[in-house]
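Architecture and fold: a report
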Amino acid sequence: MDTSIAGEFSYLDLSKKIVGKLKSVIITWKVRAQSRKHLAEMDSRLLNDIGLTEADRSQEVIKPFWQE
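On a predicted model such as this, the values are computed, not experimentally measured, just so you know.

Along its length, the protein carries 3 helices and 0 strands. Reading the helices (α) and strands (β) of the protein from amino to carboxyl end gives α-α-α. For the protein, the exposed surface amounts to about 5,800 Å²; the carbon and sulfur share of it is 62%.

Now the structure itself:
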């Protein structure tokens, strides 16, 4: 096991990268969930304005937050 200062910085850098990636994934999931919630609440006029049908909306809002 490397106990040098350089080794410690490597672990610290790796930890920061992992935490950063995890934070990014969680933010992405939250945005998807919020977007799908807003989409579910739109009336047909708004759906038409953005070029979606009721079927498009139904297909999107049933997806779990982790699915793209």
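Moving on to the pattern of salt bridges. A full pass over the atoms with the stated rule returns 5 salt bridges. Between Arg36 and Glu60 there is a salt bridge, and its shortest N-O distance comes to 2.9 Å. Taken together, the residues Arg36 in helix α1 (residues 5-41) and Glu60 in helix α3 (residues 54-61) connect sequence positions 24 residues apart. Look at Arg36 and you get buried, because its relative accessible area is 8%. The class for Glu60 is partly exposed, based on a relative accessible area of 26%. A salt bridge links Arg57 to Glu54, with the shortest nitrogen-to-oxygen separation between them at 2.6 Å. Residue Arg57 and its partner Glu54 are located together in helix α3, separated by 3 residues, close to a single helical turn. Exposure remark for Glu54: the relative accessible area of 40% places this residue in the partly exposed category. Each member of the salt-bridge network shares a partner with another, and the members are Arg36, Glu60 and Lys63.

With that settled, the discussion passes to the packing of aromatic side chains. Describing an aromatic ring pair means giving the distance of the ring centres and the angle of the ring planes. With the rule as written, the count across this model stands at 2 aromatic pairs. Consider the rings of Trp29 and Phe65, whose centres lie 5.2 Å apart with planes at 70 degrees: the pair is edge-to-face. Here Phe65 lies in the segment after α3 and Trp29 lies in helix α1, a separation of 36 residues in the sequence. Trp29 gets classed as partly exposed once you look at its relative accessible area, which sits at 32%. Phe65 gets classed as partly exposed once you look at its relative accessible area, which sits at 37%.

Cut-offs and rules
- Residues numbered from 1 in each chain as written.
- Predicted model: local features only at pLDDT ≥ 70, side-chain atom pairs only at ≥ 80, totals over all residues.
- Heavy atoms only, no water.
- Helix = DSSP H or I, 4+ residues; strand = E, 2+ residues; numbered from the N terminus.
- Areas by Shrake-Rupley, 256 points an atom, 1.4 Å probe, with all protein chains shown as cover.
- Salt bridge = Lys/Arg side-chain N within 4 Å of Asp/Glu carboxyl O.
- Buried < 20%, exposed > 50% of the residue type's maximum accessible area, 1.4 Å probe, protein only.
- Phe/Tyr/Trp six-rings, centres within 6.5 Å; stacked < 30°, edge-to-face > 60°.

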